[in-house]
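A closer look at the structure
One letter stands for each residue in the lines below.
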Amino acid sequence: MTRVASPRRLADLARDLGRECEGDGDFAIGGVAPLASAGAEDLSFARSAQFAAALRESKAGAVILPEGLDAGGRPAIRSPNPSLDFARAVTRLVPGAPPAAGIAAGALVAEDAQVHPTASIAAGAVVGAGAHVGPGSCLHPRVVLYPGVQVGADCMLHAGVVLREGTRLGDRVILQPGVVLGGDGFGYAMDEAGRLEKVPQVGCVVVEDEVEIGANTTVDRATLGETRIRRGAKIDNLVQIAHNCEIGEDAVVVAQSGLSGSTILERGAVLMAQSGSAGHLTVGERAFVGARAGLHKDVPAGQRVWGTPQQPEHAWHRAMAALARLPDALRRLRAVERKLGLRPQRPKPSEPS
Amino acid sequence: MTRVASPRRLADLARDLGRECEGDGDFAIGGVAPLASAGAEDLSFARSAQFAAALRESKAGAVILPEGLDAGGRPAIRSPNPSLDFARAVTRLVPGAPPAAGIAAGALVAEDAQVHPTASIAAGAVVGAGAHVGPGSCLHPRVVLYPGVQVGADCMLHAGVVLREGTRLGDRVILQPGVVLGGDGFGYAMDEAGRLEKVPQVGCVVVEDEVEIGANTTVDRATLGETRIRRGAKIDNLVQIAHNCEIGEDAVVVAQSGLSGSTILERGAVLMAQSGSAGHLTVGERAFVGARAGLHKDVPAGQRVWGTPQQPEHAWHRAMAALARLPDALRRLRAVERKLGLRPQRPKPSEPS
Amino acid sequence: MTRVASPRRLADLARDLGRECEGDGDFAIGGVAPLASAGAEDLSFARSAQFAAALRESKAGAVILPEGLDAGGRPAIRSPNPSLDFARAVTRLVPGAPPAAGIAAGALVAEDAQVHPTASIAAGAVVGAGAHVGPGSCLHPRVVLYPGVQVGADCMLHAGVVLREGTRLGDRVILQPGVVLGGDGFGYAMDEAGRLEKVPQVGCVVVEDEVEIGANTTVDRATLGETRIRRGAKIDNLVQIAHNCEIGEDAVVVAQSGLSGSTILERGAVLMAQSGSAGHLTVGERAFVGARAGLHKDVPAGQRVWGTPQQPEHAWHRAMAALARLPDALRRLRAVERKLGLRPQRPKPSEPS
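Residues numbered from 1 in each chain as written. Chains lettered and ligands numbered in written order. Predicted model: local features only at pLDDT ≥ 70, side-chain atom pairs only at ≥ 80, totals over all residues. Heavy atoms only, no water.

1. So, the relation of the copies chain B and chain C
Spelled out, the test is: Residues below a pLDDT of 70 in either copy are left out; the C-alpha atoms of the rest, at least 70 in both, set the least-squares superposition of the copies.
Of the two same-sequence chains, chain B is brought onto chain C (RMSD 0.1 Å, axial shift 0.0 Å) by a rotation of 120 degrees. The superposition of one copy onto the other is thereby described by a three-fold rotation axis.

Following this line, the structure appears as structure tokens:
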């Protein structure tokens, strides 16, 4: 479905991936597509034996697939990890077109900002006083760096990103459009008259290497100290990370989830979509929080939890199944009570008889 | 409450709406307002007989109302659909003030971009190389079109909208401020070292005619192929549409809802606010998903579901009513057990006696 | 953890706060930090006696603390409200650096806009025709004011804020990056062909004094009339406020919550994170809505509710505790039925025996 700018030989791709090519190495890859929509010029992939039927029916011209699966006579690349190799193939076949290095006309860069000559600052981007942009980094139109912000090497900041003062990015950070880092945390103290007085938010946000953050996600600065997103963490769209949180290395936070203040996700923890956490909690290493779960206490390392309030995965599934049977159970309980001559002590007038 | 720039005769409005005027056709409409706050110069409306009392008490000078309702001596327009006719009346009485056609000073338009002479590009908007803006379309300040983006005719793109590369809009599309189309989908493959490696997102976003998308909503590009929003779909604020989703014609997605990857909403399906869906599901034609529901499986066409995990509407209401009675039911169950000389096999020490 | 630009004597700070200094008034405050991370040059604070142990172990050089708590020999400031006084101390010790007054080069200000000479309009900000910016207000880069927008005195509008036409801000309003005020409400009427036709949204948004609104939050204009955020209300990130809502004085709406149309929060009401409300409801004065609650009916003044659908706090806690015990209760109910020779009328084949 997605065309390749200049077709490439399958054998050359296999060599780049460090894999063996099977069949016609001269197959010219004209595009990349999933099995269902691939055509005769396309490279596709089958993740596992579960996709054997889809592979049989696919019109894909070539395929990346695991050992033991029938390629159906197509030229193929065998891989122990077809998903990963297909991703790498697409990276090679459909490369992005990064803007040219340099500061475009229409960019607003403060005189004392330091922009590496290999960085790219697009028209309409704003780089504040004393800010620093490292080699190879790209600021798309309308990115705003407040004074003193630091951006490392090979970062990609998409249009509309705002980094408030004190924000520091490592290397190879990707920020999708509209990301806001360093907005004030939500903190107030009650004054003598019972009104809320703003607690100054003078900390910052630090984002380490290889982090990616999704569109319109917000990460608040710390009240004091740092809100920190550690190396390799991946955060999806419209996520809220409150002041003083720590997101662990390789942790994953899926769309529309939210963390209250000072919550810690340890390394490799996963929060599925639309989940949330009360503040000052710890989600342990490689713990898994199911979609739409609401955390009110810590999650031990490795544990899987679901629900609001959270329960261990198995308990939650049992509780939900039981809940669906509850109306019937209440009816049965009444039958038991009648049989025993017992009456509910507080009969509900609205209860069906 | 909202003033009309130049007052208009009620009879003239009625004629425009294709309706009959009743009473004084010379009534000069000075403003539009709901019944509760309307004054003697205002036009208001009553949707149905349910609003008879509100209409009696209203100070509105004129009214659009259904047959059979007493206008209270006011000049009136009878309508089979007062809501629709009032909406159309407001459109005529309080027209928007679209910016002037042409490219404003301070707009940053690439040399090879194609902007129709009747389109309006505001100061601070950025139009990338090879982008195309059709006749009558309006880009407010700080809209960013990445290279190659296509915008059809009579579209309204509000301030801060970002359309990443490959995005295509049909005609009469309305994007509220801060909408992001074409951010990367959230896709990673595990590499040999157990780290997450980005799966390139090389698909695009296609938005068909008459779609409206709310403020700060995000729609991700497809991994491969398209994420597609079909004709007439309406999407509210802060919604997340993941990669490869399809939103059907005239479908409705209310605020803060989220769809995981490859989910399909069929024609006319409705997702109420703060609902969510797991990936690769289908919500059938004209299905209705209640507010805050969490979908974990398909919803058949026309079905109404609520809850997390979802249940048919009636079952969910019964389950929620039963849940409220559950603490009492547990107490009654213990009374039954005592009467029978049965003991709970695993008594809970914390259980109230 | 956060350094003070120029160290300050503790006694001078105490005097500014209207408190007494205890011990060495010449202590030079070099930074501010929480107890856990404070060093010998830092000022910290202990909220109450609950922090006695943390205070003992802290390396903080000076502390603000309540009467009766042992300062451990440190110089100290006694306070009846240590949180508030520490917040005020930080405000004095770590002042923000507001941009210089005046209109920066690269700002796009309409000729007939009225900008007070003491206001600050940054590079890349856009001020539309007839807009008004009051004394001391600050527009960061890429703020967009549509024509006719009014901003009062001493407001702080962070980068990327969009105020659509008709929006009016009072004084001392703070808008974090990416806030959108005045986007169209989500309103449609069904036309003769069964399609959704846009209901024009011709009302506005009014924000009163001392309101703060968090990053990427959206507040929709009224259909007719006003959406109003009253004095002192505090709204967190990624919140959705629909058309015609009223947020009461000093009300609090925590992150990712959403209010449907025409909902009223009365004075001092609190909505915790990720909660939501159906439309046309009233949340009474000082009512408290727990995190992730979903409101389907009014909340009386002062009441505390949780859950979806909402229940009074105590009832909800009981219901959730009961739900966790439900699977066991169903097993016990079956044991009772067996003992009585009763069979469930509709036994579930999937039910564990």
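2. Notes on the packing of helix 1 (residues 10–17) of chain A against helix 3 (residues 82–93) of chain A
Residue and element names in this part refer to chain A. Quick note on the threshold: Only the contacting stretch of a helix is used when fitting its axis, a line to C-alpha atoms as for every element, and angles between N-to-C directions run 0 to 180 degrees. Runs of H or I in DSSP of at least four residues are treated as helices and runs of E of at least two as strands, each being numbered from the N terminus. A clockwise turn of the near helix away from the far one marks a right-handed crossing, whereas an anticlockwise turn of less than a right angle marks a left-handed crossing. Contacts between residues were defined by any pair of non-hydrogen atoms, one from each residue, lying within 4.5 Å.
One way to put it is that helix 1 packs onto helix 3 with a least axis distance of 10 Å and a crossing angle of 115 degrees. The two elements helix 1 and helix 3 cross, and the hand of that crossing is right-handed. In contact with L13, D16 and L17 of helix 1, helix 3 contributes D85, R88, A89, R92 and L93.

3. Here we look at the domain arrangement of chain A
Applied cut-off: An automatic or database domain assignment supplies the residue ranges for each domain.
Domain annotation of chain A identifies domain 1 (2–93) and domain 2 (102–311). Computed from C-alpha atoms alone, the centre-to-centre distance between domain 1 of chain A and domain 2 of chain A is 37 Å.

4. A look at the sheet that holds strand 13 (residues 138–139) of chain A
Residue and element names in this part refer to chain A. This is how it is decided: A pair of strands is treated as paired once DSSP finds two or more bridges between them.
Taken together, the 12 strands give an open sheet; going across it, the order is 7-10-13-16-19-24-27-30-33-36-38-39, and neighbouring strands pair in mixed fashion. Every other strand in the sheet has two partners, leaving strand 7 (102–103) and strand 39 (311–312) as the edge strands with one partner each. Both strand 36 (residues 288–289) and strand 38 (residues 304–306) contribute to a ladder of 2 bridges, which runs parallel. Residue F288 lies in a different strand from strand 38, and its bridge partner there is R304.

5. What to know about helix 4 (residues 313–340) of chain B
Test applied: Two axes enter the bend calculation: one fitted to the seven residues ending at the residue in question, the other to the seven starting there, and the bend is the angle between them.
Of all the bends in helix 4 of chain B, the largest measures some 50 degrees and sits at L326(B), one to four residues before the proline P327(B). Once helix 4 of chain B ends, the next one or two residues include G341(B), with phi positive near 70 degrees.

6. Details of the interface of chain C and chain A
Put simply, the test is: Accessible-area loss on putting two parts together, using a 1.4 Å probe and summing over both, is the definition of buried area adopted here. One speaks of a salt bridge when a side-chain nitrogen belonging to Lys or Arg is within 4 Å of a carboxyl oxygen belonging to Asp or Glu. Each polar contact in these results corresponds to two N or O atoms within 3.5 Å; when the atoms are within protein, one needs to be able to donate a hydrogen and the other to accept it, and residues that are neighboring in sequence are counted only if both atoms are side-chain atoms. Residues are sorted three ways: Asp, Glu, Lys and Arg are charged, Ala, Val, Leu, Ile, Met, Phe, Trp, Tyr, Cys and Pro are nonpolar, and all the rest, Gly among them, are polar.
Counting from both sides, the interface comprises 62 residues of chain C and, opposite them, 65 residues of chain A. Taking both sides of the interface into account, the surface hidden between chain C and chain A amounts to around 5000 Å²; carbon and sulfur atoms contribute 62%. Linking chain C to chain A there are 4 salt bridges. The salt bridge partner of K198(A) is E212(C), with a shortest N-O separation of 2.8 Å. Remark: the boundary between chain C and chain A carries 25 residue pairs in polar contact (both at pLDDT 80 or more). Elements supplying a minimum of two residues to the side of chain C that touches chain A: helix 3 (82–93), strand 27 (234–235), strand 30 (252–253) and helix 4 (313–339) of chain C. Top element by residues in the side of chain C that touches chain A is helix 4 of chain C. It accounts for 12 residues. Taken together, the residues of the side of chain C that touches chain A sort by class into 33 nonpolar, 14 polar and 15 charged.

7. Regarding the pattern of salt bridges
As a reminder of what qualifies: Classification of residues uses two cut-offs on accessible area relative to the type maximum, computed with a 1.4 Å probe and protein chains only: under 20% is buried, over 50% is exposed, and between them is partly exposed.
Under the defined criterion, the tally for this structure stands at 93 salt bridges over all chains. Residues R332(A) and E337(C) are paired through a salt bridge, measuring 2.7 Å at the closest nitrogen-oxygen approach. Of this pair, R332(A) sits in helix 4 (residues 313–340) while E337(C) is found in helix 4, placing the two residues in two different chains. A relative accessible area of 3% places E337(C) in the buried class. What emerges from the salt-bridge pattern is a single network uniting R8(A), R9(A), D12(A), R15(A), D16(A) and D26(A).

8. Quick notes on unusual backbone geometry
Residue P309(B) is reached from T308(B) by a cis peptide bond, and omega for that bond is -5 degrees. Along the polypeptide, P309(B) turns up in the loop between strand 38 (304–306) and strand 39 (311–312). Despite not being glycine, D250(A) shows a phi value in the positive range, around 60 degrees. Along the chain, D250(A) falls in the loop between strand 29 (246–247) and strand 30 (252–253).

9. Overview of the environment of T218(C)
Its place among the elements puts T218(C) in strand 25 (residues 218–220). Along the primary structure T218(C) and N237(C) are separated by 19 residues, whereas in three dimensions their C-alpha atoms are 9.0 Å apart. Once residues lying within four places of it in the same chain are set aside, the contact partners of T218(C) are A215(B), N216(B), N237(B), L238(B), V180(C), V239(C), Q240(C) and I241(C). Only 3.2 Å separates the side chain of T218(C) from the side chain of N237(B), close enough to count as a polar contact. Within the structure, T218(C) has its side chain in polar contact with the side chain of Q240(C) (distance 2.7 Å).

10. Some details on the sheet that holds strand 27 (residues 234–235) of chain B
Residues and elements named next belong to chain B. Read across the open sheet, the 12 strands follow the order 7-10-13-16-19-24-27-30-33-36-38-39; overall the sheet is mixed. Of all the strands in the sheet, just strand 7 (102–103) and strand 39 have a single pairing partner and so form its edges. Examined bridge by bridge, strand 30 (residues 252–253) and strand 33 (residues 270–271) share 2 bridges and lie parallel to one another. When the sheet's bridge partners are listed, V252 is paired in strand 33 with V270.

11. Structural notes on the environment of L281(A)
All names here are of chain A. Positionally, L281 belongs in the loop between strand 34 (276–277) and strand 35 (282–283). Look at L281 and you get buried, because its relative accessible area is 9%. For the pair L281 and A71, spaced 210 residues apart in the sequence, the C-alpha separation amounts to 49 Å. Every residue in contact with L281, bar those within four places of it in the chain, is listed here: S262, T263, I264, L295, H296, K297 and D298.

12. Thoughts on the nonpolar core
Applicable threshold: For this analysis, a nonpolar core means a set of buried residues of the types Ala, Val, Leu, Ile, Met, Phe, Trp, Tyr and Cys, connected via side-chain atoms within 4.5 Å.
Grouped together as the largest cluster of nonpolar side chains are 60 residues, with contacts concentrated most on L323(A), L323(B) and L323(C). Sorting the residues of this core by element identifies helix 4 of chain A, helix 4 of chain B together with helix 4 of chain C as the ones contributing at least two each. Sequence-distant contacts of L323(B), defined by excluding residues within four places in its chain, comprise L323(A), L326(A), A319(C), M320(C) and L323(C).

13. Quick look at the interface of chain B and chain C
Taken together, the 62 residues of chain B in the interface contact 66 residues of chain C. Here chain B meets chain C over a buried area of about 5000 Å², counting both sides, of which 62% is carbon and sulfur. Across the chain B-chain C interface, the total number found is 4 salt bridges. In this structure, the connection of chain B to chain C is made through 25 residue pairs in polar contact (both at pLDDT 80 or more). It is helix 4 of chain B that provides the largest number of residues to the side of chain B that touches chain C, a total of 13 residues. Counted by class, the side of chain B that touches chain C contains 33 nonpolar, 14 polar and 15 charged residues.

14. Section: the packing of aromatic side chains
All names here are of chain A. Test applied: Note on aromatic contacts: the rings of Phe and Tyr and the six-membered ring of Trp form a pair at centre separations within 6.5 Å, being stacked when their planes are under 30 degrees apart, edge-to-face when over 60 apart, and tilted otherwise. We call a charge positioned above a ring when the Lys NZ or Arg CZ atom is no farther than 6 Å from the ring centre and deviates by at most 35 degrees from the ring normal.
Inspection of every chain in the model, using the stated rule, returns 12 aromatic pairs over all chains. When the centroid spacing of 5.2 Å and the interplanar angle of 85 degrees are considered together, the rings of F186 and Y188 count as edge-to-face. Here F186 and Y188 have matching classes, each one buried. On the basis of an interplanar angle of 50 degrees and a centroid distance of 6.1 Å, the ring pair of F288 and W306 is categorised as tilted. With F288 in strand 36 and W306 in strand 38, this residue pair connects regions lying 18 residues apart in the sequence. Relative accessible area serves as the criterion here: at 18%, W306 is assigned to the buried category. Among the aromatic residues, ring-to-ring pairing joins F288, W306 and W316 into one connected group. The ring of F288 is capped by R304, whose NZ or CZ atom sits 4.1 Å from the centre of that ring.

15. Here's the deal with the side chain of H243(A)
Residue and element names in this part refer to chain A. Structurally, the position occupied by H243 is in the loop between strand 28 (240–241) and strand 29. With relative accessibility at 16%, the residue H243 sits in the buried group. With residues up to four places along the chain from it excluded, the contact list for H243 reads G185, F186, Q201, D220, R221, A222, T223, T227, G261 and S262.

16. Digging into helix 1 of chain A
Residue and element names in this part refer to chain A. Convention followed: By definition, the arc is the one covered by directions from the helix axis to the C-beta atoms.
Those residues of helix 1 that sit buried are L10, L13, A14 and L17. Seen end-on, helix 1 carries its buried residues on one side only, within an arc spanning 100 degrees. Backbone geometry just after helix 1 places G18 at a positive phi near 75 degrees.

17. Side note on the pairing of strand 4 (residues 42–45) of chain B
All names here are of chain B. Here strand 4 shows a buried face lined by D42 and S44 and a second buried face lined by L43 and F45. Pairing analysis gives 2 bridges linking strand 3 (residues 28–32) to strand 4, with the strands arranged parallel. If you follow V32 over to strand 4, its bridge partner there is L43. Relative to strand 5 (residues 62–65), strand 4 is paired through 3 bridges, and the arrangement is parallel. The residue bridging L43 from the neighbouring strand is A62, located in strand 5.

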